[in-house]
There are 2 protein chains.
Amino acid sequence: MSKARLTVIDIAKAAGVSKSTVSLVLQGSPLVKEATRSKVNATMRELGYVYNRGAANLRQASARSGIIGVVVNDLTNSFFAELAVGVDTVVQSAGFVQFLSNTSENTDRQREVVASMREHGISGLIVSPARATDAADFKPLVASGIPVVVVVRSLPGARMSSIVSDNVGGVAMAVKHLVSLGHSRIAFLGGFPDTAVFAERRSGYRKAMDESGLKFDEELVVPSIPSRAGGVEAIGRAMTISDRPTGAVCFNDAVAFGVCDGLRARRMEPGRDFAVVGFDDVIEAKTAVPALTTISVDPQAMGRRAAHLLLKQINAGKADAENIIAAVRLVVRQSCGTGQSKPEGKLG
Amino acid sequence: MSKARLTVIDIAKAAGVSKSTVSLVLQGSPLVKEATRSKVNATMRELGYVYNRGAANLRQASARSGIIGVVVNDLTNSFFAELAVGVDTVVQSAGFVQFLSNTSENTDRQREVVASMREHGISGLIVSPARATDAADFKPLVASGIPVVVVVRSLPGARMSSIVSDNVGGVAMAVKHLVSLGHSRIAFLGGFPDTAVFAERRSGYRKAMDESGLKFDEELVVPSIPSRAGGVEAIGRAMTISDRPTGAVCFNDAVAFGVCDGLRARRMEPGRDFAVVGFDDVIEAKTAVPALTTISVDPQAMGRRAAHLLLKQINAGKADAENIIAAVRLVVRQSCGTGQSKPEGKLG
DNA sequence: TCAATAAATTGGAACGTTCTAAATTGCAAC
DNA sequence: GTTGCAATTTAGAACGTTCCAATTTATTGA
């Protein structure tokens, strides 16, 4: 059907110039005369020329390949989708193309995907690592001089730039908010206990409890799968404790929604009978009933920031690792009530 | 820092064979002796060789580039994220790599992204077009022999394969479900009225009303932005109608959740005081309270199917356009109640 | 042992671009 | 008219792979 691919030589012939000139035009070089440039451009449009980036990358350093790889661990989680969108906006406006892949928390697939991106000559990589990723997996990549920015989950041991949100500060903020509303039995619900993020958030919980002069009770931290279903389960277990909590800060918003579901199943209304705080501020947090009080991390902003950092490193040629802790803020909505009356009086 | 790139020639030298042999090994050719193959593989591992796919694509037909482009119109909508994940699973297991990009409903960006993918020599493209996409935008692509599969939204006028869900059948099913529960004033809420999908779903609504012997009342279809906020707004307007509806089928699940929010704001409990049906069956539909009765389109399955179709076309070299309507099913949960008592008695 | 064949390997020419260094052109000043 | 210098343009050698045709090596059958 389609004839042989059009090359720069075909364009050159048709426009009556040399292939070098066409190449110069392609690169927007100031060396070529305006008249020539427009003539060449016209011929390209006319004949329907398609640039072959693969051939170009053969000559140019891969820093100019124009592809930014983005690898996320769970695309079905809207947090990561938002993150990718944030990266995309700045990457696109810098004239790069985003190459997004999903690992579904599978380290083998992550290896494949990263290898594949490397083969395609990416200019840089932004990665939210799968659980249990070995930092050494990225060693050869950074050794070969390709900038890498790690987001969301840090990979201790590797000399790579990273951006993670302020997990300890965020949870501490949430706990203190509940304390200010009069709560003293505060649970920490959800999350996989073997992850760095969990450890950080838990330590923020402990820190804030200590600083508020409240007793840290191991019973009050109940891990679970960090999902809505996990939240239902976690609140279930939390309610079996003899000295029941009156509020909880949750590992993330999904867990928090699950906790709300679980409370309703027990005929308790979240925000009135029990205070719940989430973490992430996913889009639904605003519109849920009750609207969720949560720690906002703004995944899009995080993505944009990661992209800027990566672009900086790409342009600098070689940059030293930079580790950023993204600030986080408490968004007060309805899920903790007004704190007017004593929460104890509402239980039962 | 890093020395010059390792090439197939370096490996050849180190392993004591010719570059051609190394190339053969790379391609898994049966022509090379087992002993040689393992020797070469060992050297590659040892020296840390990275395959340069760009150079390879220069020689091979782009059908072998191994990249599948996926373009979606809104990555922040989990429906499309799920779709992409579905595509990814089959694409990966076929040894291809997915190249996902987001257009955010912007046709200009869509053009850029598609052009960029073309430059990178994709083997095929799966696209969920941005609103108001001109089918002609894809003409040059298909003319050049690259297989394209359109998903979710059809592009009338173009000779491309497509997979869309059974919009008219789905909504009709939902309406008849409500009718069987005793409802007769049924609204159709949400959606942009200028889209093909809206037209199809609306026509399914009308068809089912007619077939059930119920009066089609223009007042009962109230469009809105297809989001949670849009749902709140739509139910608000629907409740101002003199002869109020007692149930609604919604443009999608997001709208349905918004409708639930709006009902609660009016002190009505969805599933008890008003029946609501969604469309899409997003993950939250199962765990929401009340669990949402909805039309399930299984985006992952749709993605897998699109990927299979695309791979078939890639392998066939040239395939004629195939248009698939993906079956859809009604998932009954709690948001329509049991239908035991007359819904009219519950209003007020 | 020697053909005859099969199996395995190989050199060199592509592929479509960029880059370097050199050649050509234009133009102002002599 | 030259000359000099800047502005444009260009030929040809890369880049790292695959493919073709040809060569070398192993295996078989007499």
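Everything numeric here is computed off the predicted structure, so don't read it as measured data. Within any chain, residue numbers begin from 1 and follow the written order of that chain's sequence. The order in which chains are written sets their letters, starting at A; the order in which ligands are written sets their numbers, starting at 1. Owing to the predicted nature of the model, reporting of local features is limited to residues with pLDDT of at least 70; listing and counting of side-chain atom pairs is limited to 80 or more, with chain, interface and lining totals taken over all residues. Excluded from the side-chain calculations are hydrogens and water; all other atoms, namely the structure's heavy atoms, are used.

**Observations regarding helix α9 (residues 196-211) of chain A**
All names here are of chain A.
Working step 1: Compared with an ideal rise of 1.5 Å per residue, which puts 16 residues at 22 Å, α9 spans 22 Å between its outermost C-alpha atoms and is within 8% of the ideal.
Working step 2: Looking at α9, one finds that the buried residues are Val197, Phe198, Arg201, Gly204, Tyr205, Ala208 and Met209. Buried residues of α9 fall within an arc of 130 degrees about the axis and therefore sit on the same side.
Working step 3: Contacts are assigned to residue pairs that have any heavy atoms within 4.5 Å of one another. Secondary structure is summarised from DSSP: a helix means a run of H or I of at least four residues, a strand means a run of E of at least two, and numbering begins at the N terminus for each. Buried residues along α9 sit against β5 (161-165), α8 (167-180), β6 (186-189), β7 (221-222) and β9 (275-280). By this rule the span expected of a helix is its residue count minus one, scaled by 1.5 Å. Using a 1.4 Å probe on the protein chains alone, a residue whose accessible area is under 20% of its type maximum counts as buried, one over 50% counts as exposed, and one in between counts as partly exposed. It is the directions from the helix axis to the C-beta atoms that the arc portrays.

**Considering the interface of chain B and chain A**
Reports often express the size of an interface as the amount of accessible area lost when the parts come together.
Working step 1: The partner chain A presents 46 residues to the 45 residues of chain B that form the contact.
Working step 2: What gets called buried area is simply the loss in accessible area from a 1.4 Å probe that two parts show on being joined, summed for both. The contact between chain B and chain A buries some 4000 Å² in all, and 58% of this surface belongs to carbon and sulfur atoms.
Working step 3: Of all residues in chain B, Thr76, Gln92 and Glu119 of chain B bury the most surface against chain A, accounting for 14% of the area lost on that side.
Working step 4: Within this document, salt bridges are pairs made up of a side-chain nitrogen of Lys or Arg and a carboxyl oxygen of Asp or Glu, the two lying within 4 Å of each other. One salt bridge in this structure joins arginine 53 of chain B and glutamate 119 of chain A, with 2.6 Å as the shortest N-O distance.
Working step 5: Of all the elements in the fold, those that place two or more residues in the side of chain B that touches chain A are α4 (53-59), α5 (78-93), β2 (97-102), α6 (107-119), α11 (253-265) and α12 (284-287) of chain B.
Working step 6: Here the side of chain B that touches chain A gets seven residues from one element, more than from any other, and that element is α5 of chain B.
Working step 7: Considered class by class, the residues forming the side of chain B that touches chain A number 18 nonpolar, 15 polar and twelve charged. Under the scheme applied here, ten amino acids are nonpolar (Ala, Val, Leu, Ile, Met, Phe, Trp, Tyr, Cys and Pro), four are charged (Asp, Glu, Lys and Arg), and all others, including Gly, are polar.

**Section: the pattern of salt bridges**
Working step 1: Evaluated as defined, the whole model comprises 36 salt bridges over all chains.
Working step 2: Between aspartate 137 of chain A and arginine 111 of chain A there is a salt bridge, and its shortest N-O distance comes to 2.9 Å. Of the two residues, aspartate 137 of chain A is situated in the loop between β3 (124-127) and α7 (139-143) and arginine 111 of chain A in helix α6 (residues 107-119); the sequence distance between them amounts to 26 residues.
Working step 3: The shortest N-O distance in the salt bridge between aspartate 273 of chain B and arginine 272 of chain B comes to 3.1 Å.
Working step 4: In this structure aspartate 273 of chain B comes out as buried when scored by relative accessible area, which is 10%.

**Some details on the protein's contact with DNA strand D**
Working step 1: We call a residue near a given molecule or strand whenever any one of its heavy atoms falls within 4 Å of it. Residues in contact with DNA strand D amount to 28 residues; listed here are only the nearest, Thr21 and Thr36 of chain A together with Val8, Ser23 and Tyr49 of chain B.
Working step 2: Those atoms of DNA strand D that come within 4 Å of the protein belong to sugar or phosphate at a rate of 64%.
Working step 3: Counted as a polar contact is a pair of N or O atoms within 3.5 Å, where, for protein atoms, one must be capable of donating a hydrogen and the other of accepting one, and residues adjacent in sequence contribute only when both atoms are in side chains. One of the side-chain N or O atoms of serine 20 of chain B is found 3.5 Å from a base nitrogen in DNA strand D.
Working step 4: Alanine 55 of chain B places a polar main-chain atom, nitrogen or oxygen, 3.3 Å from a base nitrogen of DNA strand D.
Working step 5: Looking at the surface near DNA strand D, its residues break down into eleven nonpolar, ten polar and seven charged.

**Side note on the side chain of serine 123 of chain A**
All names here are of chain A.
Working step 1: The topology assignment puts serine 123 in the loop between α6 and β3.
Working step 2: A relative accessible area of 4% places serine 123 in the buried class.
Working step 3: Among the polar contacts listed, one links the side chain of serine 123 to the backbone nitrogen of glycine 66, at a separation of 3.2 Å.

**Things to note about the packing of aromatic side chains**
A ring pair, where both rings are aromatic, is described by two values, the distance of the centres and the angle of the planes.
Working step 1: The rule is short: rings of Phe, Tyr and Trp, with Trp giving its six-membered ring, pair when the centres are within 6.5 Å, and they are stacked under 30 degrees, edge-to-face over 60, tilted in between. In total, this model carries eleven aromatic pairs over all chains according to the counting rule given.
Working step 2: Here the aromatic rings of phenylalanine 79 of chain B and phenylalanine 80 of chain B are separated by 5.4 Å at their centres, their planes lie at 85 degrees, and the arrangement is edge-to-face.
Working step 3: On the basis of relative accessible area, phenylalanine 79 of chain B is assigned to the buried category, the value being 7%.
Working step 4: A positively charged side chain is recorded as over a ring if its NZ (Lys) or CZ (Arg) lies within 6 Å of the ring centre. The angle to the ring normal must also be within 35 degrees. The ring of phenylalanine 251 of chain A is capped by arginine 201 of chain A, whose NZ or CZ atom sits 4.9 Å from the centre of that ring.
Working step 5: Geometry around phenylalanine 279 of chain B places arginine 201 of chain B over its ring, the cationic atom sitting 3.7 Å from the centre.

**Observations regarding the domain arrangement of chain A**
Working step 1: Domain start and stop points were drawn from an automatic or database domain assignment. We note that the domain assignment places domain 1 (8-51), domain 2 (65-159 + 299-326) and domain 3 (167-292 + 333-346) within chain A.
Working step 2: For domain 1 of chain A and domain 2 of chain A, the distance between their C-alpha centroids amounts to 35 Å.

**What to know about the protein's contact with DNA strand C**
Working step 1: What surrounds DNA strand C is a group of 28 residues, the closest being Val8, Ser23 and Tyr49 of chain A together with Thr21 and Thr36 of chain B.
Working step 2: Taken together, the sugar and phosphate atoms account for 65% of what DNA strand C places within 4 Å of the protein.
Working step 3: Within the side chain of tyrosine 51 of chain A, an N or O atom sits 3.0 Å from a phosphate oxygen of DNA strand C.
Working step 4: Contact between DNA strand C and threonine 36 of chain B: a phosphate oxygen at 2.5 Å from a side-chain N or O atom of the residue.
Working step 5: Elements represented by at least two residues in the surface near DNA strand C include exactly α2 (19-26) and α4 (53-59) of chain A together with α2 (19-26) and α4 of chain B.
Working step 6: Taken together, the residues of the surface near DNA strand C sort by class into eleven nonpolar, ten polar and seven charged.

**As for the sheet that holds strand β6 (residues 186-189) of chain B**
Paired through backbone hydrogen bonds, the strands of a sheet run either parallel or antiparallel to each other.
Residue and element names in this part refer to chain B.
Working step 1: An order of β7-β6-β8-β9-β10-β12 is seen for the six strands of this open sheet, with the pairing classed as mixed. Edge positions in the sheet fall to β7 (221-222) and β12 (329-331), since each has one partner strand and no second.
Working step 2: Sheet analysis places β6 next to strand β8 (residues 247-250), joined by four bridges and oriented parallel. For isoleucine 186, the partnering residue across the bridge sits in β8 and is glycine 247.
Working step 3: Here an axis means a line fitted to C-alpha atoms, over the contact stretch when the element is a helix, while the angle between two N-to-C directions is reported on a 0 to 180 degree scale. In the packing of α11 onto the sheet, contacts are made with β6, β8, β9 (275-280) and β10 (293-296), and the angle to β9 comes to roughly 155 degrees. For two strands to be treated as a pair, DSSP must find no fewer than two bridges joining them.

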